[in-house]
Amino acid sequence: MKKYTITLASLLVIFCFTSCKNTTKKTSDSTEDTSIENQPDETVYASDVIPFFDDWKLILGDGSNAGIANDFENKDYFYTTNDGKDDWVVFKAPNGGDTHGTSNNTRTELAQIKKFYPETADDKLTATLKVMNVSATGDARVAATHAVVVGQIHSADAFENEPLKIFYKKFPGHTKGSVFWHYEINTAGDDNAGRWDYSNAVWGNDFSVVGETADTYPAEPEDGIALGEEFSYEVVVKAGIMSLKFMSDGHETKTFTKNLLESEYTTKADIPEQTKKLFFPIGQDGVERKKAYTGEGCFFKLGTYNQTNGKSPETNMNWCSGAETHGGDIQKQYADGNYAEVWFKTASISVSDAAVSNEGYFTKND
C-alpha cells in the first residue's frame, strides 16, 4: 500500500506539472492573439469628426429617434468613412421605409434640440458636404424625384412648415445636378392644405425643371454640381432676416436674403408664376399670413432627407415619385441605387441665448 501511494503521488506531481505547463502556454498564446497588432481598428464616431452633437437629436432612416448621437453609429444609416484624405460623416436614407412624424419621406437627419424665434434670433448653421447618391428610379415628371434635402429650417409650432429647405437634385445619366433652396409659405387660416413652396436656383436649375415624360429628362445644367463634388452653405437668421450663402470651388458664390417676419404672398396676385404652374394644378393655392413666421419657434436640421419615395404620382405630381422601394427592404434598395446618401466634412451651429427647448416637437413627432 505504501509503495502504491508513493507511485500515485508521483503520477499526480507529473500530471500537475504537465497541466500547469500547458495552461501557461495557452495563456501566453492568448496574450499574443489579443496584442495591439491584431486588434480591429478603433471606431471613429461622427462626434469625433464633427464635435457638435450636443445641440441635436438624430432621426434615423427607420423613423426612430436615436437621441444625442455622441459616440454613436448605425451601419445602415449613420457612420463615418474616409475618402483617402478626410474623415466624413455619412447620412443615408432609402426611398422607402418607416418615416418620422407625418412625412412621406425617410430621413437620417439631425434636428436641433432648441428652437429660436425669428424676431429675436441670432443663430447660424454652416456645413461642407458632398452628395454621393440620389435615387436611381422615379417618375421624372415629379419635381421631387432624384432629389435630397441637405439642410433645413423647420417650424416647431402651428403647421410645422419650413421656411428653408436646401436641395440637391440630379437626373439619371447626367454628370451634374442642381442645388436650389425653397421657401414654404406659412399658410394663412386654419387649413394648411393650400401651402406651397417657391424654389430658388443656386447652381443649375430650380425645382420646377422636370421631365416631359416619366422616363425622359431635361437638359443637363451647365453650371451644376456633380455627385462627389464639395459645396458649402451658411444659414444665418438674425432679427427676422434669413441670410444664405452658397460656396463651391469653381462656382460663383451665391447669396440670398428672405424676410421671415413679413410675407410677400398675402394675396393670390402675389403668387409667383412658378408656383401657379407647379402647385395650382394640385389644389395648393393658398396665401401666407401677413406676419409669416413671426412668433413661431424654428429650428435647424441637417443631414439626408430623401425626397424620392414610392408613393404614386397620381396622388401628388410634385412630391410622390413612384420610385422603387422593394417593399421597404433597405438592403435591396441600397444594392440597386434607390437611396440618398450625403457626406458631411465639417459643420457648425451657433445658438442664441434667446433659444428655448424644442422638446415639444419631439414629443409630438416621435
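Residues numbered from 1 in each chain as written. Predicted model: local features only at pLDDT ≥ 70, side-chain atom pairs only at ≥ 80, totals over all residues. Heavy atoms only, no water.

Now for the packing of aromatic side chains. Evaluated as defined, the whole model comprises 23 aromatic pairs. The interplanar angle of 55° and the centroid separation of 5.7 Å between the aromatic rings of Phe167 and Phe207 together place this pair among those described as tilted. A residue pair is termed long-range when its members are at least 10 positions apart, and Phe167 in strand 9 (residues 164-169) and Phe207 in the loop between strand 11 (197-203) and strand 12 (225-226) qualify at 40 residues. A relative accessible area of 0% means that Phe167 is categorised as buried. Taking the relative accessible area as the measure of exposure, Phe207 reaches 1% and is therefore buried. Through a chain of ring-to-ring contacts, three or more aromatic side chains come together here, namely Phe52, Phe53, Trp56, Phe72, Phe78, Phe91 and Phe344. Taking the ring centre of Trp88 as reference, the NZ or CZ of Lys130 above it sits at 4.3 Å. When the ring centre of Tyr183 is taken as reference, the NZ or CZ atom of Lys258 above it lies at 4.2 Å. (Phe/Tyr/Trp six-rings, centres within 6.5 Å; stacked < 30°, edge-to-face > 60°. Helix = DSSP H or I, 4+ residues; strand = E, 2+ residues; numbered from the N terminus. Buried < 20%, exposed > 50% of the residue type's maximum accessible area, 1.4 Å probe, protein only. Lys NZ or Arg CZ within 6 Å of the ring centre and 35° of its normal.)

In this structure, Phe78, Trp181, Tyr233, Leu302 and Phe344 are the most contacted members of the largest nonpolar core, which totals 71 residues. By residue number, the principal contributor to this core is strand 17 (residues 339-350), which donates six residues. Residues Ala111, Ala156, Phe299 and Phe362 belong to the second largest nonpolar core, which totals five residues. (Core = buried A, V, L, I, M, F, W, Y, C linked by side-chain atoms within 4.5 Å.)

Here seven strands make up an open sheet; going across it, the order is 3-4-17-7-13-14-15 and the pairing antiparallel. Edge positions in the sheet fall to strand 3 (78-82) and strand 15 (254-259), since each has one partner strand and no second. Across this sheet, the average inter-strand angle for adjacent strands is 30°, counted without regard to direction. (Pairing = 2+ DSSP bridges. Axes fitted to C-alpha atoms, helices over the stretch in contact; angles between N-to-C directions.)

Assignment of secondary structure puts Lys114 in strand 6 (residues 114-115). For the pair formed by Lys114 and Val351, sequence separation is 237 residues and the distance between their alpha carbons is 8.1 Å.

Here the focus is the side chain of Glu341. Structurally, Glu341 can be placed in strand 17. Residue Glu341 is classed as buried on the basis of its relative accessible area of 9%. Side chain to side chain, Glu341 and Trp343 meet in a polar contact 2.7 Å long. For Glu341, the residues in contact, after removing those within four places along its chain, are Tyr79, Val90, Phe91, Lys92, Val131, Met132, Asn133 and Thr304. (Polar contact = N/O pair within 3.5 Å; in protein donor to acceptor, adjacent residues only side chain to side chain. Contact = heavy atoms within 4.5 Å.)

Here the focus is the confidence of the model for the protein. On average, residues of the protein score 91 in pLDDT, and 89% of them are at 70 or above. Note that pLDDT drops below 50 for residues 1-34; the model gives that stretch three contacts with residues more than four away or on any other chain. (pLDDT = per-residue confidence, 0-100.)

For Tyr233, the location among the structural elements is in strand 13 (residues 231-238). Between the C-alpha atoms of Tyr233 and Leu129, which are 104 residues apart in sequence, the distance is 8.7 Å. Contacts of Tyr233, omitting those with residues within four sequence positions, involve Leu125, Thr126, Ala127, Leu129, Val150, Gly151, Ile166, Lys245, Phe246, Leu302 and Phe344. For Tyr233, the side chain forms a polar contact with the main-chain oxygen of Val150, separated by 3.0 Å.

Attention now moves to the pairing of strand 8 (residues 147-155). Extensive coverage of strand 8 is indicated by the burial of nine of its nine residues. Across six bridges, the pairing between strand 8 and strand 9 is antiparallel. Paired with Val149 across the bridge in strand 9 is Phe167. Two strands pair when backbone bridges link them, and strand 8 and strand 16 (residues 298-306) are joined in this way by seven bridges, in the antiparallel orientation. By the bridge assignment for strand 16, His154 is matched with Phe299.

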